[in-house]
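# Fold and geometry: a report
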Amino acid sequence: MEINILTICYLIGSVTFIIGLKMLSHPETARKGNLIAAAGMAIAIFGTIFLYQENGLKLSNYAWIFAGLFIGTVAGTMAARKVKMTAMPEMVSLFNGMGGACAALISVVEFGHINHSGEPAGNITLLIIFAGLIIGAVSFAGSMVAWAKLNGRIKDYSFNGQHIVNLVILAFIILASAYYIFSTPVGLGYIFYAVLALSLIYGLFFVLPIGGADMPVVISLLNSFTGVAAACGGFLYDNPVMLTGGILVGSAGTILTILMCKAMNRPLSNVLIGSFGVNQKSGSSSFSDQGNIKEISINDTAVVMSYAKKVIIVPGYGLAVAQAQHVCHELEKVLSEKGVEVSYAIHPVAGRMPGHMNVLLAEADVDYAKLQEMEQANEQFPSTDVVLILGANDVVNPAAKSDPSSPIYGMPVLDVELAKLVVVNKRSMKPGYAGIENALFFDPKTSMLFGDAKDVLQKLVAEIKSV
Amino acid sequence: MEELLNWFTIHQQMIYIVILSIFLGIEVIGRVPSVLHTPLMSGANAIHGVVIIGAIIVMGKAESDNYLALILGFLAVILGTLNVVGGFVVTDRMLEMFKKKK
């Protein structure tokens, strides 16, 4: 009887995951979809705790289980509530790493059981345990690197021949696992732990050299890895809800990764193998004698913007870092009151994650209808008087269109240089996150407005009010 | 080889689930507007936290004198819970902001 109820719990869980994901892909239903999936997850979790049985035996160690759930819930809720909207991508990466570590730990414990019991385990069971271990560990180590990179704790790092080292490590992982799985040697359990260590190292080396601008793609990819690791657990315990949830995320995450690569017009292999750091040096030297930049004062900016007919704001990560989304919305309101037509041009990969800018601007109550996607915006630029670029860099770099030697060549960008005047707000002349010089800043139509985005925008708003 | 074929027959339902879920995932994500990419990734991140169920099973099966299994299982439960709860709460916070706009 109880086991039948558990079956129904798992059925409900699986269906809510599907419905939840479906609803998450429409703006009106997204929030409800998330809650539905969360409810299904709760049913599946509590169903497992109270109803699960194996060979007629129910689970024990309730004190441990509930203590773990309690600690995880309190810590998870606090971290998720406290995190700033700008730091969202690294938070997702961190949680993803936790999931990967969880999957790897399950494999470690299950392997320990097999190793101690002395009973020979089936090859396929071992295969699943190894797969869960490797994928989980790579996902964990990779996500931690991505997390540390996004919040600036570590920099891109690569050495000569790193790709070859990576391939060698990967080959070792696969060969050692295959050897153990198919010959099941007695007393050679340390191979398993060696594979664990190598997988962690591989995850580290896999993400370390990948350049900043590609981090969203990596997080999405690692997200789908963890999904597959969870699905391994589904096979291990014949558990349909783990299987559905894991595989759904695995396939959805892969598609999302591909969509992101498409937005940058780069094949996935290029993102993973061709790290930005390597070819960047050749690119940057050719820009050193690019000519002079022109600075513009806040007063002048206020005047040109007030008398413009049409202004397009291009937000980037700099806006997010400065927490300037609210002031930005204020600027938009002040200008609209003066009869200026204001809209926002959102590049698909602006910020650190696709859709990151939309989330930030939505937080500041910016009207949904004012956010233009890249294609729409590019049609508007020729008839635009002023483009204000707030902390965006790579997504407006014309080198992506004109310079085949540039690492971002081929990525669709916003054609801001078609507008009559371009004002670029940046903190300094340092190149953007991808580490590439931007010829736009030297364009005669471009004026630089240096300073922290929030600070500059506040002064700009005050100035426009007094014009 | 024989073992593999047997395994396929025994687990055929699961294999069907895998295949259908792959297509379902592709279908569901295929037409998502780019505005929702971040919340969607975050939501998917919370859903793969379902791995917590495996952690609970590991924990619940551990003999009460096998401290290594207990400690590792306990860690796994904490990490899995972090993934699930943190994931859903973060996603909800992001989506809360979309709701306000009229």
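Definitions and limits used
- Residues numbered from 1 in each chain as written.
- Chains lettered and ligands numbered in written order.
- Predicted model: local features only at pLDDT ≥ 70, side-chain atom pairs only at ≥ 80, totals over all residues.
- Heavy atoms only, no water.
- Domains from an automatic or database assignment.
- Contact = heavy atoms within 4.5 Å.
- Buried area = accessible area lost by both parts, 1.4 Å probe.
- Salt bridge = Lys/Arg side-chain N within 4 Å of Asp/Glu carboxyl O.
- Polar contact = N/O pair within 3.5 Å; in protein donor to acceptor, adjacent residues only side chain to side chain.
- Nonpolar A, V, L, I, M, F, W, Y, C, P; charged D, E, K, R; others polar.
- Helix = DSSP H or I, 4+ residues; strand = E, 2+ residues; numbered from the N terminus.
- Buried < 20%, exposed > 50% of the residue type's maximum accessible area, 1.4 Å probe, protein only.
- pLDDT = per-residue confidence, 0-100.
- Pairing = 2+ DSSP bridges.
- Axes fitted to C-alpha atoms, helices over the stretch in contact; angles between N-to-C directions.
- Core = buried A, V, L, I, M, F, W, Y, C linked by side-chain atoms within 4.5 Å.
- 1 Å grid on protein atoms, 1.4 Å probe; cavity = no way out; pocket = protein on both sides within 12 Å on 5 of 7 lines; lining within 4 Å.
- Points joined across faces, edges and corners; volume = space filled by probe spheres on them.
- Patch = residues over 30% accessible without salt bridge, like charges linked within 9 Å, V, L, I, M, F, W, Y side chains within 5 Å.
- Areas by Shrake-Rupley, 256 points an atom, 1.4 Å probe, with all protein chains shown as cover.
- Parallel < 35°, antiparallel > 145°, perpendicular 65-115°, else oblique.
- Left-handed = near helix turned anticlockwise from the far one by under 90°.

### Examining the domain arrangement of chain B
The domain architecture assigned to chain B consists of domain 1 (1-31) and domain 2 (33-102). Each of domain 1 of chain B and domain 2 of chain B was reduced to a C-alpha centroid, and the two centroids are 23 Å apart.

### Here's the deal with the interface of chain B and chain A
Contacts between the two partners involve 81 residues from chain B and, on the opposite side, 102 residues from chain A. When the two sides are added together, the surface that chain B and chain A hide from each other amounts to roughly 8,400 Å², 77% of it contributed by carbon and sulfur. Summed over the shared surface of chain B and chain A, the number is three salt bridges. B:K61 serves as the salt-bridge partner of A:E110, at 3.6 Å between the closest nitrogen and oxygen. At the surface where chain B touches chain A, the tally comes to 15 residue pairs in polar contact (both at pLDDT 80 or more). Tallied by class, residues from the side of chain B that touches chain A come to 49 nonpolar, 22 polar and ten charged.

### Describing the pattern of salt bridges
For side chains of opposite charge, pairing can occur when their charged atoms come near one another. Residues and elements named next belong to chain A. Per the stated rule, a full pass over the model turns up nine salt bridges over all chains. For the salt bridge of D415 with K401, the shortest nitrogen-to-oxygen distance reads 2.6 Å. One end of the pair, D415, is in the loop between α17 (399-402) and β7 (421-426); the other, K401, is in helix α17, with 14 residues separating them in the sequence. Relative accessible area serves as the criterion here: at 16%, D415 is assigned to the buried category. Among the residues examined, K401 registers a relative accessible area of 36% and is labelled partly exposed.

### Overview of the domain arrangement of chain A
On domain assignment, one finds that chain A holds domain 1 (1-82), domain 2 (87-274) and domain 3 (289-466). Averaged C-alpha coordinates put domain 2 of chain A and domain 3 of chain A at centres separated by 38 Å.

### Section: the confidence of the model for chain B
Summarising the model, chain B shows a mean pLDDT of 87, and 95% of its residues fall at 70 or more. Across chain B, the element-wise mean pLDDT spans from 85 in helix α1 (residues 2-10) of chain B up to 93 in helix α4 (residues 52-61) of chain B.

### Quick notes on the sheet that holds strand β8 (residues 446-450) of chain A
All names here are of chain A. Read from one edge of the open sheet, six strands run β5-β4-β3-β6-β7-β8, paired in parallel fashion. The open sheet terminates on both sides in strands that have one partner only, identified here as β5 (371-373) and β8. When strand polarity is set aside, the average angle formed by the axes of neighbouring strands in this sheet is 25 degrees. Alignment of strand β4 (residues 341-346) against β5, held across three bridges, turns out to be parallel. In the strand pairing of β5, Y344 is matched with L371. On the sheet, helix α15 (residues 356-363) packs against β3 (310-315), β4 and β5 and is oriented at approximately 140 degrees with respect to β4. In the packing of helix α18 (residues 453-466) onto the sheet, the strands contacted are β6 (386-390), β7 and β8, and the crossing angle to β6 comes to about 145 degrees.

### Quick notes on the nonpolar core
Counting residues in hydrophobic clusters, the biggest one holds 158 residues, and the most contacted among them are A:L21, A:M305, A:L331, A:L457, A:L460 and B:I53. Considering every element that reaches this core, the biggest residue donor is helix α5 (residues 67-100) of chain B, with 17 residues. Formed by 26 residues, the second largest nonpolar core is a distinct cluster that contains A:A392, A:V395, A:A419 and A:F441.

### Details of empty space enclosed by the protein
Enumeration according to the criterion identifies one cavity of 30 Å³ or more in this entry. Computed from the structure, the largest cavity encloses a volume of approximately 60 Å³. In terms of lining, the largest cavity is formed by A:A103, A:I106, A:S107, A:I128, A:I129, A:G132, A:A229, A:C232, A:G233, A:L236 and B:V51. For the lining of the largest cavity, the secondary structure elements donating two or more residues are α4 (88-117), α5 (123-150) and α8 (215-236) of chain A. Of the residues that constitute the lining of the largest cavity, the class distribution is eight nonpolar, three polar and no charged.

### Description of the layout of surface pockets
A volume near 810 Å³ is recorded for the second largest pocket. When contributions to the lining of the second largest pocket are tallied by element, the ones reaching two or more residues are α4, α5 and α8 of chain A together with α1 and α5 of chain B. Tallying contributions element by element places α4(A) first for the lining of the second largest pocket, with eight residues. For the lining of the second largest pocket, a count of residues per class yields 16 nonpolar, nine polar and seven charged.

### What about a nonpolar patch on the surface?
All names here are of chain A. A cluster of nonpolar side chains, namely F46, F50, Y62 and F66, defines an oily patch on the protein surface of about 360 Å² accessible area. Elements supplying a minimum of two residues to the nonpolar patch: α2 (30-51) and α3 (62-82). Mapped onto the elements, F66 comes out in helix α3. Owing to a relative accessible area of 33%, F66 belongs among the partly exposed residues under this scheme.

### Let's talk about the packing of α4(A) against α4(B)
Put simply, α4(A) and α4(B) touch, their axes get as near as 9 Å, and they point 30 degrees apart. When the interaxial angle is binned, α4(A) and α4(B) end up roughly parallel. You can see that α4(A) and α4(B) cross each other, and the crossing is left-handed. Contacts between α4(A) and α4(B) involve A:C102, A:I106, A:V109 and A:E110 on the former and, on the latter, B:I52, B:G54, B:A55, B:V58 and B:K61.

### Focus on the confidence of the model for chain A
On average, residues of chain A score 86 in pLDDT, and 93% of them are at 70 or above. Here residues 275-289 of chain A is modelled with pLDDT under 50, and outside its nearest four sequence neighbours on either side it reaches 16 contacts, counting other chains as well.

### Quick word on the pairing of β3(A)
Strand residues, when the strand is regular, have side chains that alternate between the two faces of the sheet. Residues and elements named next belong to chain A. The element β3 is extensively covered by neighbouring structure, given that six of its six residues are classed as buried. The side-chain alternation of β3 yields two buried faces, one formed by K310, I312 and V314 and the other by V311, I313 and P315. Sheet topology note: the β3/β4 ladder contains four bridges and is parallel. From the neighbouring strand, I313 faces β4, where its bridge partner is Y344. Where β3 and β6 come together, five bridges link them in parallel fashion. Its bridge partner lying in β6, P315 is registered against L390.

### Some thoughts on the environment of A:P444
Residues and elements named next belong to chain A. Locating P444 in the fold gives a position in the loop between β7 and β8. When its relative accessible area of 69% is taken as the criterion, P444 is described as exposed. Sequence spacing of P444 and I293 is 151 residues, and the spatial spacing of their C-alpha atoms is 8.1 Å.

### Observations regarding the pairing of β7(A)
All names here are of chain A. When you tally the buried positions in β7, you get six out of six residues, the bulk of the element. Neither face of β7 is open: one carries L421, V423 and N425, the other V422, V424 and K426, and all of them are buried. Direction of pairing for β6 relative to β7: parallel, over a ladder of five bridges. Opposite L388, over in β7, you have V423 as the bridge partner.

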